Amino acid sequence: VFCFFFSSRRRHTRSASVSWARRCVQETGGINAEYMGKQIMVEEDEQFEKTDAGSSHTYPTQAGGLHKGDYAVLKDHPCKVVEITTAKTGKHGHAKATITGIDIFTHKKYEDACPTSHSIDAPFVTRKEFQLADIAADGFVTMVTEDGKTKEDLKLPTEEEDQEMVNNLKKAFEAGKDVLIGVMCAMGKEKIIDFKELNQLHIYPSPLIFNLLK
């Protein structure tokens, strides 16, 4: 059963928006829709997801086995690897990898070095989607989870690289469009990284998404 959103609202009050979105979720057992033969499901995106069997936010991986595009923890920051160089330290030394990555939340660049035979931490990274119900004046958003509960602990991104996406999101919501918010999760942190309008297939990403998919 697919839920089609036929809202004609312009700007509901916060309580009305939350009630409307929660009702759609509860009546269908999930937030999902199908447009033009393509199904949009609210679930953890497999492109980002690595299953974590325990409670840890990271898992060990061999430094020598890392490739461009992988995730690694550099200087205590979850990063997307953008460059790896390998060099020997001396006649009897071990090969050392210099790893450069971009913080997946702040876009800042970090670098670390590690012998290729040693382990390095990598973050579990997941992506989830939530129905947008409201945007407060202070930037906090109210979202509805798949089980109909409200989530109100995230603000719109403030980084300069994300402002085009944020502005488009605000315009879509103020125009009364139904929106799904994409949230990335890693190392106990969360960030809004993109959104999609339910009556369209086009996704409006932050530049962060382009970096993550390279």
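The structure presented is a predicted model; accordingly, all values stated were derived computationally and were not measured.

Student: Describe the overall build of the protein, with residues and values.
Tutor: When helices and strands are tallied, the protein shows three helices and 14 strands. Counting every position in the protein, which comprises 214 residues, the buried fraction comes to 43%. The contacts in the protein between residues at least 6 apart in sequence include a share of 59% that link residues at least 24 apart.

Student: With reference to specific residues and values, describe the nonpolar core.
Tutor: Leu132, Val141, Ile181, Val183 and Ile192 are the most contacted members of the largest nonpolar core, which totals 18 residues. Taken together, the elements giving at least two residues each to this core come down to β9 (125–135), β10 (140–144), α2 (163–174), β12 (179–186) and β13 (189–197). A total of five residues in this core trace back to one element, the largest contributor, which is α2. Setting aside chain neighbours within four positions, we find Val141 in contact with Leu132, Asp134, Ile135, Lys151, Glu152, Leu154, Leu156 and Ile192. Leu66, Leu74, Ala97 and Cys114 belong to the second largest nonpolar core, which has 11 residues in total.

Student: So what's going on with the environment of Leu74? Residues and values would help.
Tutor: Here Leu74 is to be found in strand β4 (residues 71–74). When the C-alpha atoms of Leu74 and Asp103 are compared, they prove to be 8.5 Å apart, with 29 residues separating the residues in sequence. Setting aside its immediate chain neighbours within four residues, Leu74 contacts Cys79, Ile99, Thr100, Gly101, Tyr110, Asp112 and Ile120.

Student: Got a sec to walk through the environment of His77? Specific residues and values, please.
Tutor: Here His77 is to be found in strand β5 (residues 77–88). In the structure, His77 is positioned 45 residues away from Ala122 in sequence and 9.8 Å away in space, judged by C-alpha atoms. Look past the residues within four positions of His77 in its chain and what remains in contact with it is Ala72, Asp103, Tyr110 and Met187.

Student: A description of unusual backbone geometry should follow, citing residues and the corresponding values.
Tutor: Backbone geometry places Asp76, a non-glycine residue, at a positive phi of 70°. Within the element layout of this structure, Asp76 appears in the loop between β4 and β5. The phi angle at Met187 is positive, at roughly 50°, despite the residue not being glycine. The residue Met187 is located in the loop between β12 and β13 in this model.

Student: I'd love a proper account of the pattern of salt bridges, names of residues and values included.
Tutor: The final tally for this structure, using the stated rule, is nine salt bridges. Two residues, Arg127 and Glu129, come together in a salt bridge whose shortest N-O distance is 3.1 Å. Arg127 sits in the buried class, given a relative accessible area of 5%. Across the salt bridge formed by Lys191 and Asp162, the nearest N and O atoms sit 2.8 Å from each other. Taken together, the positions of Lys191 in strand β13 and Asp162 in the loop between β11 (150–155) and α2 put the pair 29 residues apart, joining distant regions of the chain. Both residues of the pair, Lys191 and Asp162, belong to the buried class.

What counts, and at which threshold
- Residues numbered from 1 in each chain as written.
- Predicted model: local features only at pLDDT ≥ 70, side-chain atom pairs only at ≥ 80, totals over all residues.
- Heavy atoms only, no water.
- Helix = DSSP H or I, 4+ residues; strand = E, 2+ residues; numbered from the N terminus.
- Buried < 20%, exposed > 50% of the residue type's maximum accessible area, 1.4 Å probe, protein only.
- Contact = heavy atoms within 4.5 Å.
- Core = buried A, V, L, I, M, F, W, Y, C linked by side-chain atoms within 4.5 Å.
- Salt bridge = Lys/Arg side-chain N within 4 Å of Asp/Glu carboxyl O.

From the geometry alone we can't say anything about function, so treat these as descriptive.
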